[in-house]
Amino acid sequence: MSEIKFEIIDTLGVISENETNFKKKLTLISWNDREPKYDIRPWNADYTKMKKGLTFSLSELQKLKEILNNLPELD
C-alpha cells in the first residue's frame, strides 16, 4: 500500500474532542499534492494519526451549508 501524502493548509475549527484526545476538526487539506479540499475527520494532537473522515470540494461544502441552514432543528 502506498503512503498517503497530505499537507494541512489551515485548521478552520474543532468540532469535538473524544476521550482518546482525538479532535474532530474541519481543515483545508491537500491530499497527494492535489488541489486543497475541506476535510472533516478526527486527528491526534500532532497530526500524525487520523481516523476516517469526509472530504468536500468548495461547491460540496456550500451545498452542505445550504442543507444545514434549511434544517428546522437548527433554528
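Here's the deal with the environment of S57
With respect to the helices and strands, S57 occurs in the loop between strand 4 (54-56) and helix 1 (58-69). Sequence separation between S57 and K37 is 20 residues; the distance between their C-alpha atoms is 5.2 Å. With residues near it in sequence (within four places) discarded, S57 still touches K37 and Y38.

Focus on the environment of G53
The topology assignment puts G53 in the loop between strand 3 (37-43) and strand 4. With 21 residues separating them in the primary sequence, G53 and N32 have C-alpha atoms 16 Å apart. Filtering out sequence-adjacent residues up to four positions away, G53 remains in contact with I40 and R41.

What counts and how
Residues numbered from 1 in each chain as written. Predicted model: local features only at pLDDT ≥ 70, side-chain atom pairs only at ≥ 80, totals over all residues. Heavy atoms only, no water. Helix = DSSP H or I, 4+ residues; strand = E, 2+ residues; numbered from the N terminus. Contact = heavy atoms within 4.5 Å.

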